[in-house]
Amino acid sequence: MYLEIITPDKKLFSGEVKSVKLPGSDGSFGILNNHAPIIASLKKGTVKVVDNKDAVENFDINGGVVEMLNNKVILLAE
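Cut-offs used in this document
- Residue positions are counted from 1 within each chain, in the order its sequence is given.
- In keeping with the model being predicted, local features are shown solely for residues with a pLDDT of at least 70 and side-chain atom pairs are shown and tallied solely at 80 or more, while totals for entire chains, interfaces and linings include all residues.
- Side-chain figures throughout are based on the complete set of non-hydrogen atoms in the structure, without hydrogens or water.
- Residues grouped as a nonpolar core are buried Ala, Val, Leu, Ile, Met, Phe, Trp, Tyr and Cys residues, joined through side-chain atoms within 4.5 Å.
- We call a residue buried when its accessible area falls under 20% of the maximum for its residue type, exposed when it is over 50%, and partly exposed in between, using a 1.4 Å probe and counting protein chains only.
- What makes two residues a contact is simply this: any of their non-hydrogen atoms within 4.5 Å.
- Secondary structure follows DSSP: runs of H or I at least 4 residues long count as helices, runs of E at least 2 residues long count as strands, and numbering of each begins at the N terminus.
- To count toward a patch, a residue needs a relative accessible area over 30% and no salt bridge; like charges are then connected within 9 Å, while nonpolar side chains (Val, Leu, Ile, Met, Phe, Trp, Tyr) are connected within 5 Å.
- For the area figures, the Shrake-Rupley method with a 1.4 Å probe applies, and any residue is considered shielded solely by the protein chains shown.
- Every case where a carboxyl oxygen of Asp or Glu lies within 4 Å of a side-chain nitrogen of Lys or Arg is listed as a salt bridge.

Undergrad: Just give me the short version of the nonpolar core, but keep the residues and values in it.
TA: Core analysis: the biggest nonpolar cluster contains 19 residues, and Leu3, Ile5, Leu22, Val47, Val49, Val66 and Leu75 have the highest contact counts within it. Setting aside anything within four residues of it in sequence, one finds Leu22 in contact with Gly27, Ser28, Phe29, Ile31, Leu42, Val47, Val66 and Leu75.

Undergrad: Provide a residue-level description of unusual backbone geometry, including the pertinent values.
TA: Positioned with a positive phi, Asn34 is a non-glycine residue whose angle comes to about 65 degrees. Within the secondary structure, Asn34 sits in the loop between strand E3 (27-32) and strand E4 (38-51). A positive phi is found at Asn70, a non-glycine position, where the angle reads about 55 degrees. Within the fold, Asn70 resides in the loop between strand E5 (56-69) and strand E6 (72-77). On the accessibility criterion, Asn70 (70% relative accessible area) is exposed.

Undergrad: Describe the environment of Val17, and please don't skip the residues or the numbers.
TA: Turning to its location among the elements, Val17 is positioned in strand E2 (residues 11-24). Residue classification places Val17 among the buried positions, given a relative accessible area of 1%. C-alpha separation for the pair Val17 and Ala55, spaced 38 residues apart in sequence, amounts to 9.4 Å. If we skip the residues at most four places from it in the chain, Val17 touches Met1, Leu3, Val49, Val50, Asp51 and Asn52.

Undergrad: So what's going on with a nonpolar patch on the surface? Which residues, and what values?
TA: On the surface, Ile39, Val65 and Leu76 cluster together into a nonpolar patch covering about 290 Å² of accessible area. Along the polypeptide, Val65 turns up in strand E5.

Read these as layout, nothing more, since geometry by itself doesn't imply function.
Structure below.
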């Protein structure tokens, strides 16, 4: 699946990933390939990204919104 992490200042990440773990407002959750469409609000925390080569990257955010649709994840972060 394709992931974009966008802040008001710049694009932090874009590329193909295996999984994303997010700090949801009601608790953390993960998104994998072929996940059902979802829109969720995020709280302050760490976004964990695992790319197709199993490399892990962490991004600290202060909240935001995530949308998953047709294997494309767009994360608008504060």
